[in-house]
Amino acid sequence: MSDTGNRCAYFETETQLTREHVVPNFLYKTNPLAKFGYNLRADKFMTWEAQVKDVCANCNNHYLSKVDSYAKGFF
């Protein structure tokens, strides 16, 4: 058990967590003027690369990377 006290959102293992884009990064790069979400609290559209820190490096770099690659090819 790690001393971070953080659990991966997918496997619930306690580990060091990494940042993951909410919307795949390639969409921001492909469409720099696009607005991919709305922040109710701020009452405005998000123009930044929203990220969460809730997955381990293995999930981020292995599983989610495959999903992003598939989506990019589909896009």
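Residues numbered from 1 in each chain as written. Predicted model: local features only at pLDDT ≥ 70, side-chain atom pairs only at ≥ 80, totals over all residues. Heavy atoms only, no water.

Re the packing of aromatic side chains
Counted only if it meets this: Only Phe, Tyr and Trp rings take part, Trp by its six-membered ring, and two of them pair if their centres are within 6.5 Å. Stacked means planes under 30 degrees apart, edge-to-face means over 60, and tilted covers everything else. Put simply, DSSP H or I for four residues or longer makes a helix, DSSP E for two residues or longer makes a strand, and each gets a number counted from the N terminus. When a residue's accessible area, from a 1.4 Å probe over protein chains only, is under 20% of the maximum for its type it is buried; when over 50% it is exposed; and in between it is partly exposed.
Using the criterion set out here, one finds three aromatic pairs in the structure. Summarising the aromatic geometry, the rings of F11 and Y63 are spaced 5.8 Å apart at their centres and angled 50 degrees between planes, so their arrangement reads as tilted. Highlighted residues: F11 in the segment before β1 (17–21) and Y63 in helix α2 (residues 57–74), separated in sequence by 52 residues. Here F26 and F75 contribute two aromatic rings whose centre-to-centre distance is 5.9 Å and whose plane-to-plane angle is 55 degrees, an arrangement assigned as tilted. One end of the pair, F26, is in helix α1 (residues 25–30); the other, F75, is in the segment after α2, and 49 residues separate them in sequence. On the basis of relative accessibility, which here comes to 11%, the residue F26 falls in the buried class. For F75, a relative accessible area of 56% gives the class exposed.

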